[in-house]
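Fold and contact review
Residues per chain are reported as follows:
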Amino acid sequence: MTDKGILIIFSGPSGSGKGTVMNKLLAANDDMRVSISMTTRQSREGEIDGTHYYFVNREYFEKKISENKMLEYAEYNGNMYGTPKDPVDEMLKAGKAVFLEIEVQGAAKIRELYPDVISVFLMPPSMKTLEERLRGRGSEDEETINHRLVIAREEVRRASEYDYIVINDTVENAVSGIETIIKAERQKTARNKKIISEVINNV
Ligand code: 5GP
């Protein structure tokens, strides 16, 4: 048993496939969880309140910030996004690998708060693939797509700040890459200090 759970920052540009990869990971691994963020943006077709996000208005979001209930938050493309604090702490206490699907500003804040956090950047194989995926989604107008592509370039530039880069060429490859990372992290010495004294005391 590791001493506690693992916190993972999971970033990647909009359209990089984070949602699909995350769903597969959660379905196949009982020790993994994802934090459900709060946002002020409008829900897209098919998105469910309480599953994909907690969709709230700005006033409610700001109230949660002032009550110190948000682990981090950021403004992205004109909307607020943030991580509710309590559920993350509970899942970590239960030993889970907890993924935060957040953009780069939030990631920087989490690194300050949790120095042993690990970070994974999901990389599209190319900008062309990313553009095709964004257009294929069909849920946003041209201006929004172009704005997301500009932001995406900036995000890809910052990928070198992450501990791991996983290329999403196929979902299967990306999922197995992340499973391997979590497996290795769980076996890190720093996360397994207790086992040393347990083995010595039980010989
Ligand atoms: P989208 O509108 O495509 O769902 O998300 C836009 C961006 O916001 C993505 O990069 C996503 O990872 C990020 N995001 C989602 N939830 C959070 C959050 O709780 N905190 C931060 N900082 N970013 C988030």
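Look a little higher up for the structure.
Now for a look at the structure at hand. (Residues numbered from 1 in each chain as written. Predicted model: local features only at pLDDT ≥ 70, side-chain atom pairs only at ≥ 80, totals over all residues. Heavy atoms only, no water.)

1. As for the pattern of salt bridges
Note the cut-off: Only one rule defines a salt bridge in this text: a Lys or Arg side-chain nitrogen within 4 Å of an Asp or Glu carboxyl oxygen. Buried, partly exposed and exposed residues are distinguished by accessible area as a fraction of the type maximum, computed with a 1.4 Å probe on protein chains only: under 20%, between the cut-offs, and over 50%, respectively. A helix here means a DSSP run of H or I that spans at least four residues, while a strand means a run of E at least two residues long, and both kinds are numbered starting from the N terminus.
In the structure shown here, the tally under the stated rule is 18 salt bridges. Ionic pairing is found between Glu67 and Lys63, a salt bridge with its closest N-O pair at 3.3 Å. With relative accessibility at 37%, the residue Glu67 sits in the partly exposed group. Between Arg135 and Glu131 there is a salt bridge whose closest N-O contact spans 3.0 Å. Here Glu131 and Arg135 lie together in helix H5 (residues 127–137), a separation of four residues that amounts to about one turn. With a relative accessible area of 33%, Arg135 lands in the partly exposed category. You can call Glu131 partly exposed: its relative accessible area is 31%. Taken together, the shared-partner salt bridges connect Arg41, Arg44, Glu47, Glu140 and Arg148 into one network.

2. A closer look at the pairing of strand S8 (residues 118–123)
Heads up, the rule is: Strand pairing requires that DSSP identify at least two bridges connecting the strands.
The element S8 is largely enclosed, with a buried count of six among its six residues. With burial as the criterion, each face of S8 is covered, one bearing Ile118, Val120 and Leu122 and the other bearing Ser119, Phe121 and Met123. In this sheet, strand S9 (residues 164–167) lies alongside S8 in parallel orientation, the contact comprising four bridges. When the sheet's bridge partners are listed, Phe121 is paired in S9 with Ile165.

3. Notes on the site of the ligand
Rule in force here: The rule for a residue being near a molecule or strand is that one of its heavy atoms must lie within 4 Å of it. Here a polar contact is recorded for every N or O atom pair within 3.5 Å, except that within protein the pair must consist of a potential hydrogen donor and a potential acceptor, and residues adjacent in sequence are included only if both atoms are side-chain atoms. Using a 1.4 Å probe, the Shrake-Rupley method yields the accessible areas, and only the shown protein chains count as cover for residues. Here the term charged refers only to Asp, Glu, Lys and Arg, the term nonpolar to Ala, Val, Leu, Ile, Met, Phe, Trp, Tyr, Cys and Pro, and the term polar to all other amino acids, Gly among them.
Around the ligand, a shell composed of 17 residues is seen, among which Ser37, Arg41, Tyr53, Glu72 and Tyr81 lie nearest. Between the ligand and the protein, one listed contact pairs an oxygen atom with a side-chain N or O atom of Thr83 at 3.4 Å. Backbone polar atom of Glu101 to an oxygen atom of the ligand: 3.2 Å apart, as the coordinates give it. Coverage of the ligand by the protein chains reaches 95% of its 510 Å² of free accessible surface. The set of elements that each furnish at least two residues to the shell around the ligand consists of strand S5 (70–76) and strand S6 (79–84). Residues that form the shell around the ligand fall into these classes: five nonpolar, five polar and seven charged.

4. What about the side chain of Ser37?
Put simply, the rule reads: The contact criterion used is simple: two residues touch if any of their non-hydrogen atoms lie within 4.5 Å.
Tracing the backbone through its elements, the reader meets Ser37 in the loop between strand S2 (32–34) and strand S3 (38–39). Ignoring any residue separated from it by four or fewer positions in sequence, one finds Ser37 in contact with Tyr53, Tyr54, Gly82, Pro84 and Glu101.

5. Brief notes about the pairing of strand S7 (residues 97–100)
What you see with S7 is no split at all: Ala97 and Phe99 on one side and Val98 and Leu100 on the other are buried throughout. Where S2 meets S7, three bridges bridge the pair, whose relative direction is parallel. Across the sheet, Val34 pairs through a bridge with Phe99, a residue of S7.

6. Here we look at the sheet that holds S2
The condition is simple: Structural elements are reduced to axes, namely lines fitted to C-alpha atoms, with helices fitted over the stretch in contact, and the angle between N-to-C directions of any two is expressed from 0 to 180 degrees.
Across the sheet, five strands lie side by side as S2-S7-S1-S8-S9; this open sheet has parallel pairing. Each having just a single partner strand, S2 and S9 make up the two edges of the open sheet. Between one strand axis and the next, the sheet turns by 25° as a mean value, whatever way the strands run. Its contacts with the sheet place helix H1 (residues 18–28) against strand S1 (6–11), S2, S7 and S8, and it is angled at close to 145° to S2.

7. Re a nonpolar patch on the surface
This is how the line gets drawn: What goes into a patch is any residue over 30% in relative accessible area without a salt bridge, connected to like charges within 9 Å or, for nonpolar side chains (Val, Leu, Ile, Met, Phe, Trp, Tyr), within 5 Å.
On the surface, a cluster of nonpolar side chains totalling about 360 Å² of accessible area is made up of Ile195, Ile196, Val199 and Ile200. Mapped onto the elements, Ile196 comes out in helix H8 (residues 193–201). The class of Ile196 is partly exposed, set by a relative accessible area of 46%.

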